[in-house]
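Now for the letters of each chain:
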Amino acid sequence: MVKLTKIYTRTGDEGTTGLSNFSRVRKTDPRIEAYADVDEANSAIGVAVSLAHGEFDEETLQLLSQIQNDLFDLGADLSNPLNEHYEYEPLRVDVTWIDALEAAIDKYNAQLDKLDSFIIPGGSGLAAGLHLARTVVRRAERATWHAIEEHGTEPAKKGHTDGGVSVLAAKYLNRLSDLLFVLARFANIKHGGDVKWVPAANRREAPAKRRPEVD
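Just so it is clear, the model here is predicted, and its values are computed rather than measured.

Trainee: Residue-level account of unusual backbone geometry, with values.
Mentor: Although it is not a glycine, Ala 200 sits at a positive phi angle of roughly 60°. Within the secondary structure layout, Ala 200 lies in the segment after α5 (167-187). Ala 200 gets classed as exposed once you look at its relative accessible area, which sits at 57%.

Structure representation (structure tokens):
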């Protein structure tokens, strides 16, 4: 059980923060950036969910609620370096979570028209919110791969705290961004469908160059 008795602690005033294994790192550490981006992604999904009532059925709302909880779990995973031994079993992203996202992608995508163009992030407010959340999730995925490049994927030996980062966290974020893209398209079904990209649609033809006059 998490108990927050005080909002500010002043322990990070020198630019460091604590990980879940009680080690301290710089706030600019790629691991911190990764789970900070996950937190932002969760907030963006929360905004989209606030627009989804009346637009999505209860099953789809429940899916988004579950994803928000998953993202908290994923943040806990990223904040706890991999280790060979734990005093308490940590929260870790499981491959079944990724399988569930892929199943959801297939389910909703089956209800959509085939894509014949890139999609502009827009349409309904809900669709736009889901597209925004998708782009933040993509950033979180990139940050997670950066953390993996920095810290590796190997668990720390017993007595050490400098373990790696779970690849499954990055894979989950990748599939989540795909699902949010599909759900954004799904949200636009009631509003005329996708907003499609038309290359150079808003550009007038350049005026023809005049030949220089010769005296």
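Trainee: Go over helix α1 (residues 30-52), please, and point to the residues and values.
Mentor: What sets the pattern is the α-helix's 3.6 residues per turn: residues three or four places apart point alike. The first and last C-alpha atoms of α1 sit 33 Å apart over 23 residues, in line with the 33 Å expected at 1.5 Å per residue. For α1, the side-chain oxygen to backbone nitrogen distance between the N-cap and Arg 31 is 2.7 Å, and the N-cap itself is Asp 29. A positive backbone phi angle near 90° is found at Gly 54, which sits one or two residues after α1.

Trainee: For the environment of Ile 45, give the residues involved together with the corresponding values.
Mentor: For Ile 45, the location among the structural elements is in helix α1. Overall, Ile 45 belongs to the buried group, its relative accessible area being 0%. Each C-alpha atom, one on Ile 45 and one on Ile 67, is 8.8 Å from the other, the two residues being 22 residues apart in sequence. Excluding residues within four positions of it along the chain, Ile 45 makes contact with Leu 64, Ile 67, Gln 68, Leu 71, Ala 133, Leu 176 and Leu 180.

Trainee: Residue-level account of the packing of aromatic side chains, with values.
Mentor: One pass over the structure, following the stated rule, counts 4 aromatic pairs. Ring centres of Trp 97 and Tyr 172 lie 6.2 Å apart, and the angle between their planes is 80°; on these two criteria the pair is classed as edge-to-face. Placement of Trp 97 in helix α3 (residues 95-109) and of Tyr 172 in helix α5 is noted, with a sequence separation of 75 residues between them. Judged by centre distance (5.8 Å) and plane angle (55°), the rings of Phe 118 and Trp 197 are tilted. Of this pair, Phe 118 sits in the loop between α3 and α4 (125-151) while Trp 197 sits in the segment after α5; the two residues are 79 residues apart in sequence, bridging distant segments of the chain. On the accessibility criterion, Phe 118 (62% relative accessible area) is exposed.

About the criteria used
Residues numbered from 1 in each chain as written. Predicted model: local features only at pLDDT ≥ 70, side-chain atom pairs only at ≥ 80, totals over all residues. Heavy atoms only, no water. Helix = DSSP H or I, 4+ residues; strand = E, 2+ residues; numbered from the N terminus. Buried < 20%, exposed > 50% of the residue type's maximum accessible area, 1.4 Å probe, protein only. Expected span 1.5 Å × (residues − 1). Polar contact = N/O pair within 3.5 Å; in protein donor to acceptor, adjacent residues only side chain to side chain. Contact = heavy atoms within 4.5 Å. Phe/Tyr/Trp six-rings, centres within 6.5 Å; stacked < 30°, edge-to-face > 60°.

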